[in-house]
Amino acid sequence: MTADTAAIGRPGEESEVSRREFLNYAWLASLGILVLETGVLTYQFAMPRLGPGEFGGPVDIGPVESLPSAGLEPEPFNKAKFWWVTTADGALALYKVCTHLGCIFDWKSDQGKFICPCHGSQFTREGELLTGPAPRSLDRMVITARDGSGAVVAETGPDGAPVRIPERTSVVVDTGRIIKGPSA
Amino acid sequence: MNRFEITLGLLAIVGTVAIIAAIGVGEPQRMALESRGWAVRHVETGAQLYDQYCASCHGVNGSGGMCPPVDQTSGLHGGDIGPGVAWRLEELGWDRQQPFEYVYSVLASGRAVSTRPELYPGNRMADTSGVMSMPAWSEEYGGPLRPDQVRDITSYIVAFREAVPDDATPRPWPTDAPTERPTLAAAAVVTSTVASPPEPPTAPLAPPTATLAPPESPTATLAP
Amino acid sequence: MDPSSRLGHFRAALEHQLEGLRRFGWRAFAADAVDGAVRGVMAGLSARELRAILRDDPPTERPNPRYKAQVKSFLLHIRPKYYQRASTWLTHTWRLGWFAVFFFLVEVFTGVVLMIFYAPTPQTAYNDMLHIMGGVPFGLFMRDMHRLGAEGMVAVVVLHMVRVYFTGSYKGPRRFTWVTGVILLLVTLVLSFSGYLLPWDQLAYWAVTIGTSMAASAPLFGEQVNLLLRGAPDIWADGLLRFYLLHVLFLPLLAILFISVHYYKVAREHSISLPAVVEEGDMEPQARRHAEERIDLLPNLLLHELMLASVALLVMVAAVATFFHAPLEAHADPQVTPLHTKAPWYFLWLQGLLKLGDPALMGIVVPTIIFAVLFAVPWLDRNPHRLASRRKVAIAMGLSSTVAVLILSYMGTPGFGIETPAAQNILSHYVPDTHPGPVRETPWDQIATGPDGSRKTYFVSYPQAWAADAQYADPALYEFVVPPAPGEAPRDAFHELLLQFQADVENEPTLMAPLDGSAPLAMVTVESFTPQLKWIAFTINWDEVLTDVATGQPVTAVDPATGQPVVLLKRDQRDDGRPEQQVKKLALHRDANYRH
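Worth saying up front: this structure is predicted, and the values here are computed from it rather than measured.

A.B. asks: What's the story with the overall build of chain C in this structure? I'm lost.
C.D. replies: Each helix and strand in chain C was counted, giving 22 helices and nine strands. Expected size for 596 residues packed as a compact globule is a radius of gyration near 25 Å; at 34 Å, chain C overshoots this value by more than 25%. The C-alpha extent of chain C, read off along each of the three principal axes, is 125 × 60 × 55 Å. If you take every contact in chain C between residues at least 6 apart in sequence, the share linking residues at least 24 apart comes to 69%.

A.B. asks: I keep staring at the overall build of chain A and nothing clicks. Help me out?
C.D. replies: Within chain A, the secondary structure is distributed over two helices and eleven strands. With 184 residues in all, chain A has 42% of them scored as buried. Of all intrachain contacts in chain A linking residues separated by at least 6 positions in sequence, the fraction that spans at least 24 positions is 50%. For chain A, the exposed area adds up to about 10,500 Å²; of that, 57% sits on carbon and sulfur atoms.

A.B. asks: Mind showing me how you'd approach the packing of helix H1 (residues 3-53) of chain B against helix H8 (residues 139-166) of chain C here?
C.D. replies: It is at 9 Å that the axes of H1(B) and H8(C) come closest, and there the two elements cross at 110°. As far as their axial angle goes, H8(C) and H1(B) are roughly perpendicular. Here H1(B) contributes B:Ile20, B:Ile23, B:Glu27, B:Arg30 and B:Glu34 to the contact with H8(C), which in turn contributes C:Gly139, C:Leu140 and C:Phe141.

A.B. asks: Looking at this model, I keep getting lost on the sheet that holds strand S7 (residues 122-123) of chain A. Mind explaining?
C.D. replies: To summarise the sheet geometry, strands pair through backbone hydrogen bonds and adopt either a parallel or an antiparallel arrangement. Residue and element names in this part refer to chain A. An order of S5-S6-S7-S8 is seen for the four strands of this open sheet, with the pairing classed as antiparallel. Each of the sheet's edge strands pairs with one partner strand only, and the pair in question is strand S5 (106-108) and strand S8 (129-131). Sheet analysis places S7 next to S8, joined by two bridges and oriented antiparallel. Opposite Gln122, over in S8, you have Thr131 as the bridge partner.

A.B. asks: Just checking my understanding: could you explain the side chain of C:Thr212 for this structure?
C.D. replies: All names here are of chain C. Along the chain, the position of Thr212 falls in helix H10 (residues 202-216). By relative accessible area, which is 1% here, Thr212 ends up buried. For Thr212, the side chain forms a polar contact with the main-chain oxygen of Thr209, separated by 3.1 Å. Setting aside residues up to four positions removed in sequence, Thr212 forms contacts with Phe193, Asn226, Leu229, Arg230, Ile235 and Phe243.

A.B. asks: Where do I start with the pattern of salt bridges in this structure?
C.D. replies: It is possible for side chains of opposite charge to pair when their charged atoms get near one another. All names here are of chain B. According to the stated counting rule, one finds 31 salt bridges over all chains in the structure shown. Its salt-bridge partner being Arg30, residue Glu27 comes within 2.8 Å of it at the nearest N-O pair. Pair noted here: Glu27 and Arg30 are both in helix H1, with a separation of three residues, about one helical turn.

A.B. asks: Is there a simple way to explain the domain arrangement of chain A in this structure?
C.D. replies: Its domain assignment divides chain A into domain 1 (3-46) and domain 2 (58-179). Taking only C-alpha atoms into account, the centre of domain 1 of chain A sits 57 Å from that of domain 2 of chain A.

A.B. asks: How should the packing of aromatic side chains be read in this particular structure?
C.D. replies: The relative placement of two aromatic rings is captured by the distance of their centres and the angle of their planes. All names here are of chain C. What the rule picks out here adds up to 37 aromatic pairs over all chains. When the centroid spacing of 5.7 Å and the interplanar angle of 90° are considered together, the rings of Trp200 and Tyr205 count as edge-to-face. Residue classification places Tyr205 among the buried residues on the basis of a relative accessible area of 2%. With a centroid separation of 5.2 Å and 80° between ring planes, the pair formed by Tyr205 and Trp206 is classed as edge-to-face.

A.B. asks: How should the packing of helix H19 (residues 422-430) of chain C against helix H22 (residues 493-506) of chain C be read in this particular structure?
C.D. replies: For any two helices packed against each other, the geometry is given by the interaxial angle and the distance between the axes. Residues and elements named next belong to chain C. Between H19 and H22, the least distance of the axes is 11 Å, while the angle of their chain directions is 165°. If you check the angle between H19 and H22, you find them roughly antiparallel. Regarding H19 and H22, the two cross each other, and that crossing is right-handed. Residues Ile426, Leu427 and Tyr430 of H19 form the contact with H22, whose participating residues are Leu497, Gln500, Phe501, Asp504 and Val505. Here the contact of H19 with H22 is composed, by residue class, of six nonpolar, one polar and one charged.

A.B. asks: Can you help me understand the pairing of strand S5 (residues 522-530) of chain C in this one?
C.D. replies: Look at any regular strand and the pattern is simple: side chains alternate between the two faces of the sheet. Residues and elements named next belong to chain C. In terms of residue burial, S5 counts as a mostly covered element, since eight of its nine residues are buried. Bridge count between strand S3 (residues 456-461) and S5: five bridges; the pairing is antiparallel. Bridge pairing in S5 links Phe459 to Met523. With seven bridges connecting them, S5 and strand S6 (residues 533-542) associate as antiparallel partners.

A.B. asks: Looking at this structure, how should I read the sheet that holds S6(C)?
C.D. replies: With respect to topology, five strands assemble into an open sheet ordered S4-S3-S5-S6-S9 (chain C), the strand pairing being mixed. Unpaired on one side and paired on the other, strand S4 (478-480) and strand S9 (580-589) of chain C mark the two borders of the sheet. Each neighbouring strand pair of the sheet contributes to a mean axis angle of 15°, computed without reference to strand direction. Each of S6 and S9 of chain C touches H1(B); the most contacted strand, S9(C), lies at about 145° to it. Packed onto the sheet, H19(C) meets S6 and S9 of chain C and runs at close to 160° relative to S6(C).

A.B. asks: Explain the confidence of the model for chain C to me, please; I cannot follow it from the model alone.
C.D. replies: Keep in mind that low pLDDT regions are not for reading the predicted coordinates in detail. Across chain C, the average pLDDT comes to 89, with 98% of residues at or above 70. Scoring the predicted complex yields pTM 0.84 and, for the interface, ipTM 0.84.

A.B. asks: What's the story with the environment of C:Arg491 in this structure? I'm lost.
C.D. replies: Residues and elements named next belong to chain C. Along the chain, Arg491 turns up in the loop between S4 and H22. Note on Arg491: relative accessible area 49%, which makes it partly exposed. Side chain to side chain, Arg491 and Glu479 meet in a polar contact 3.2 Å long.

A.B. asks: Would you mind going over the pairing of strand S9 (residues 140-146) of chain A with me for this structure?
C.D. replies: Residues and elements named next belong to chain A. For S9, the buried fraction is high: six of the seven residues fall into the buried class. Direction of pairing for S9 relative to strand S11 (residues 170-179): antiparallel, over a ladder of seven bridges. Counterpart to Thr144 in the pairing with S11 is Val172. Where S9 and strand S10 (residues 152-155) come together, three bridges link them in antiparallel fashion. In the sheet register, Arg146 faces S10, and the bridge partner there is Val152. The turn joining S9 and S10, which pair antiparallel and follow one another in sequence, is formed by five residues; a positive phi near 95° is taken by Gly150.

A.B. asks: Is there a simple way to explain the state of the cysteines in this structure?
C.D. replies: Residue and element names in this part refer to chain B. All chains considered together, the criterion is met by zero disulfides over all chains. For the unlinked cysteine Cys57, the closest cysteine sulfur is that of Cys67, found at 3.4 Å. For Cys67, a relative accessible area of 5% puts it in the buried group.

Rules used throughout
- Residues numbered from 1 in each chain as written.
- Chains lettered and ligands numbered in written order.
- Predicted model: local features only at pLDDT ≥ 70, side-chain atom pairs only at ≥ 80, totals over all residues.
- Heavy atoms only, no water.
- Helix = DSSP H or I, 4+ residues; strand = E, 2+ residues; numbered from the N terminus.
- Rg over C-alpha atoms; globule rule 2.2 N^0.38 Å.
- Contact = heavy atoms within 4.5 Å.
- Buried < 20%, exposed > 50% of the residue type's maximum accessible area, 1.4 Å probe, protein only.
- Areas by Shrake-Rupley, 256 points an atom, 1.4 Å probe, with all protein chains shown as cover.
- Axes fitted to C-alpha atoms, helices over the stretch in contact; angles between N-to-C directions.
- Parallel < 35°, antiparallel > 145°, perpendicular 65-115°, else oblique.
- Pairing = 2+ DSSP bridges.
- Polar contact = N/O pair within 3.5 Å; in protein donor to acceptor, adjacent residues only side chain to side chain.
- Salt bridge = Lys/Arg side-chain N within 4 Å of Asp/Glu carboxyl O.
- Domains from an automatic or database assignment.
- Phe/Tyr/Trp six-rings, centres within 6.5 Å; stacked < 30°, edge-to-face > 60°.
- Left-handed = near helix turned anticlockwise from the far one by under 90°.
- Nonpolar A, V, L, I, M, F, W, Y, C, P; charged D, E, K, R; others polar.
- pLDDT = per-residue confidence, 0-100.
- Disulfide = S-S within 2.5 Å.

Put into structure tokens, the structure is as follows:
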């Protein structure tokens with residue numbers, strides 16, 4: 001064994017981590033953190049932020065008196081993509097997108113039900129699934145009714161059931177909070 | 001590489017060159033036909049949108065009603081010669097050759113007041129005061145239509161120009177104004193271009209049987 | 001002058017050139033200069049050598065300059081210098097991998113050209129399409145080539161994978177290459193999907209909306225992926241821009257990267273596989289030697305590839321010049337989903353899956369499993385053999401998977417398993433939402449109005465008493481459609497269309513003509529207010545049994561006269577007592593062209 005080979009030594013035999021080695025590990029780790037951070041940064045950059053009034057956020061639809069009363073035809077809110085339906089038990093905001101594959105369905109007044117043009121799913125006025133390939137009844141959006149002072153006096157529960165809206169309140173439908181309809 | 005392959009390659013390239021040249025020769029005519037064809041598709045879409053949204057006020061064929069006629073056979077201002085839009089532009093001092101953007105702007109942003117309120121009250125009825133005499137239609141101004149839809153309706157209106165022969169007699173303005181402003185309830189509603197089912201024959205048919213046998217369920221599945 | 005300075009060197013070189021010119025004459029001097037230029041451009045091949053290549057003569061120099069060219073040229077160095085003969089047999093590979101690259105290059109070229117006239121915003125996209133198709137020379141040609149190339153690329157990539165599977169060419173050293181290949185399949189499918197949105201018509205908008213809705217239903221990150229892709233809860237300006245960037249930048253870069261990795265392995269490491277019969281089967285030693293013999297790339301194989309490109313181009317250009325045209329429907333409308341939206345053919349299998357059950361399960365979980373299995377094929381297959389007779393299980397599984405995909409694709413077609421009310425269904429054949437349809441393609445002059453554009457009514461299906469009624473006697477205003485006598489043809493295309501409508505309506509068992517004869521079952525009206533625009537309306541009037549909305553059962557009542565239970569009609573509930581009616585109408589312009 002010459003002096004050169006002795007100096008090289010055999011791999012894996014060093015027991016202590018040298019300063020150089022430690023610094024390299026630290027550097028690699030910090031690079032890894034940087035990569036992660038860049039990923040998070042890019043994700044936040046690319047994720048859309050939703051403004052008020054646009055679809056995806058809360059939409060103010062005005063005082064409850066201006067909305068149709070019980071028993072009448074559902075009223076469409078096209079920008080916000082829901083049907084306003086007033087039932088005997090209260091109001092529903094039915095998401096206009098069919099629960100099957102995302103097509104926009106229409107209210108067929110002569111037949112008294114919602115029918116989707118894509119694959120023929122049919123739903124009652126209250127959004128219950130009648131027939132068709134859709135897996136569940138219509139989704140609902142959360143309705144919030146506020147009185148003059150801004151306090152919340154009524155809100156759709158987590159089960160999406162119709163909610164009674166008191167008089168002299170103004171109604172906001174949150175298009176970002178959609179409750180899935182009950183499965184068929 | 002045998003001669004067969006070389007010949008095949010040569011013929012293929014010659015064929016390709018020939019076809020492309022043939023396409024090229026026909027291009028000017030095809031482009032003219034096609035751009036005209038696409039342009040009139042805008043007119044067709046505009047016609048259907050007009051029928052849905054505008055006919056109730058402006059008349060089924062643009063002939064007017066509560067609101068001025070838009071078929072350009074009569075002036076939109078004054079009683080003088082049409083075609084109305086070009087005349088109006090001239091009167092305003094604008095380029096009479098560019099009616100499209102003017103019509104688009106009116107459709108998109110609406111009209112606060114009618115230019116001839118005694119004849120054409122428009123949307124402003126006795127019992128809906130505060131409403132614009134012509135609503136804004138484009139989303140840009142809070143209306144229900146997308147800008148491209150408003151442009152289609154504009155194409156339809158501007159296309160009426162083509163229907164007017166050069167020697168057309170301009171239709172005069174109505175001279176007698178209504179004494180009262182019409183109300184919404186009394187406003188004539190002109191329905192769409194399709195009438196309800198035509199009248200059944202005058203001779204009565206044999207009456208149907210009183211008991212109806214229940215027919216097959218209408219929810220039969222359809223053949224693929 | 002000091003020869004070691006820069007100016008000195010230049011002067012010495014110049015003098016050397018002039019010396020050569022003087023000694024050998026200007027003709028030889030020029031020939032030498034040209035030869036040097038040719039060699040410089042053609043990676044060391046002289047003009048004489050090029051001529052020898054075209055004459056199929058042996059090389060003119062030693063060492064063989066053709067091999068050297070593949071070292072000196074960047075483009076050529078990617079290719080192998082030689083192939084084993086059997087791996088170039090047509091029926092072994094069908095050149096599918098090569099065609100995949102060919103189509104990719106066609107797409108890049110036509111795509112970049114189309115980008116000149118296209119801006120990806122909702123305000124401009126559709127009109128840019130119209131401009132390309134009608135206002136740009138060869139615009140329609142480029143667009144159709146781009147669409148044809150896209151469909152060709154998807155088809156070829158899938159077939160290539162199928163070929164590699166059935167020849168067992170994913171085993172051993174080729175496993176990693178298979179993985180990059182499946183990645184390329186995914187990239188190709190997403191390229192096609194992202195490009196599909198760009199025309200911004202109803203077909204594009206709803207096909208992509210449905211596709212991304214599937215992504216939204218995925219567990220864990222589905223919502224976030226959907227939002228990232230669309231840039232908003234719904235597809236609009238943000239979505240279009242993101243899809244555009246995916247389509248023209250991000251995915252092509254990925255494709256180039258993975259094509260490079262994929263092809264590098266093929267060209268440098270394990271080469272195109274030999275047919276299994278050569279590797280493992282019984283062959284005469286002489287035949288085997290012949291099959292394994294080396295063939296140089298230059299010149300014959302390269303020229304063969306040029307021939308393939310020529311023929312493929314001819315086929316594409318001929319198709320585009322005659323029958324192949326990419327469709328364009330109406331402007332994208334996020335409020336209205338058209339009836340019978342169809343996925344492109346390479347996604348029909350997915351649409352078929354979706355008809356089977358829950359979108360999340362069938363749209364996300366099952367395809368993920370399918371692709372996971374595809375990736376894992378080289379490791380799932382423990383059989384070292386490639387010969388078909390020694391891997392019967394793999395062959396059987398491959399065949400049954402192919403059949404399954406075909407069945408699913410059939411199930412994905414619009415007619416299958418979809419319930420649409422009869423009247424709406426029939427009317428949508430004549431006045432479709434998704435394509436021009438037969439009415440718009442009928443010659444303008446044949447669709448007759450009454451005199452001066454007044455309304456003419458064509459009674460298509462009607463009680464016989466109506467035909468005799470005096471109020472409908474004027475043939476200029478009313479026509480009762482009757483089938484022609486046997487042996488006679490319909491008088492024109494419009495008449496034929498009316499007869500077809502008549503047959504459709506009368507043969508539909510669920511459509512009852514109004515029971516009291518108060519309205520015709522089917523009629524068509526045509527009128528025009530201006531000479532260039534006709535309004536054509538298709539109407540169906542029918543009676544329908546009143547059914548309970550919840551149970552779907554007919555509602556019965558007791559007839560007061562007889563005391564018997566009777567079934568109620570829907571019209572009994574209405575004040576005017578009119579039968580059900582569905583109308584579909586369209587405005588048709590004289591100059592509209594509905595060739596596509």
